[in-house]
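The primary structure of each chain is shown beneath.
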Amino acid sequence: KISLPKSELYLIDLWFVSCPPCLRDHKLIKDKLEWLKNNNIELIGISTDNNQQKWKNYLKKEKINWVNYREQENYNKRITTQLLINVFPTYILLDKEGKIIRRGNSFTEIEMFIKNNYLL
């Protein structure tokens, strides 16, 4: 379970360390952190990595300083299992009630959706 801080929108980033498209998107996301914050969008990363040390090293080395969690090892309790996610990265945009608004596989795609539907 994740307690969501009060925000208008939540962007869940599902990824893993050995995923080149995930790592490319992280570079884009780092440049957009201020934009996300200014638009009251809470970014939460959830990694599917089994190797905790490799995951922690990546977060530290790449200065990934937004909230990040690692899925638990019980396969049936994983969010990726429950939501049938098998392509990475996957982004899930939630409203303030936690309802899924949009799902996509590119940060740029989600960014454009937000700009076209939620921003003036």
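Scroll up for the structure.
The sections below set out a description of the structure shown in this document. Here the structure is a predicted model, which means the values were calculated and not measured.

Considerations on helix H4 (residues 107-117)
So, point 1. Regarding H4, the residues found buried are Phe107, Ile110, Glu111, Phe113 and Ile114. In a view along the axis of H4, the buried residues occupy a sector of 160°, so they form one face of it.
So, point 2. Lining the buried residues of H4 we find strand S1 (9-15), helix H1 (20-38), strand S2 (41-47), strand S4 (90-95) and strand S5 (100-104).
So, point 3. Sitting at the head of H4, serine 106 places a side-chain oxygen 3.2 Å from the backbone nitrogen of threonine 108.

Description of the packing of aromatic side chains
So, point 1. Considering all chains together, one arrives at four aromatic pairs under this definition.
So, point 2. The interplanar angle of 65° and the centroid separation of 6.2 Å between the aromatic rings of tyrosine 91 and phenylalanine 107 together place this pair among those described as edge-to-face. Note that tyrosine 91 is positioned in strand S4 and phenylalanine 107 in helix H4, a separation of 16 residues in sequence. As far as burial versus exposure is concerned, tyrosine 91 and phenylalanine 107 are alike and both buried.
So, point 3. Sitting over the face of the ring of tryptophan 55, arginine 70 holds its NZ or CZ atom 6.0 Å from the ring centroid.

Here we look at unusual backbone geometry
So, point 1. Of note, the bond from phenylalanine 88 into proline 89 is cis; its omega dihedral lies within 30 degrees of zero at -5°.
So, point 2. By secondary structure assignment, the location of proline 89 is in the loop between helix H3 (79-82) and S4.
So, point 3. With a phi angle near 60°, asparagine 40 is a residue other than glycine that sits in the positive phi range.
So, point 4. Inspection of the secondary structure puts asparagine 40 in the loop between H1 and S2.
So, point 5. Non-glycine residue lysine 63 carries a positive phi angle of around 55°.

Cut-offs used in this document
- Each residue is numbered by its place in its chain's sequence as written, counting from 1.
- Selection of residues for local features in this predicted model requires a pLDDT of at least 70, selection of side-chain atom pairs for listing and counting requires 80 or more, and totals for whole chains, interfaces and linings are taken over all residues.
- For side-chain calculations, the full set of non-hydrogen atoms in the structure is used, while hydrogens and water are omitted.
- A 1.4 Å probe rolled over the protein chains alone gives each residue an accessible area, and that area as a share of the maximum for its type sets the label: buried under 20%, exposed over 50%, partly exposed in between.
- A run of DSSP states H or I qualifies as a helix once it reaches four residues; a run of E qualifies as a strand once it reaches two. Both are numbered from the N-terminal end.
- The directions considered for the arc run from the helix axis to the C-beta atoms.
- Whether two residues are in contact is decided by their heavy atoms, any of which lying within 4.5 Å being enough.
- Distance and chemistry together define a polar contact, namely a pair of N or O atoms within 3.5 Å, with one atom able to donate a hydrogen and the other to accept it when in protein, and with adjacent residues in sequence counting only for side-chain atoms on both sides.
- Aromatic rings from Phe, Tyr and Trp, taking only the six-membered ring of Trp, are treated as a pair when their centres fall within 6.5 Å; an angle between ring planes under 30 degrees marks them as stacked, one over 60 as edge-to-face, and anything in between as tilted.
- Only when the NZ of Lys or the CZ of Arg is both within 6 Å of the ring centre and within 35 degrees of the ring normal is a charge said to sit over the ring.

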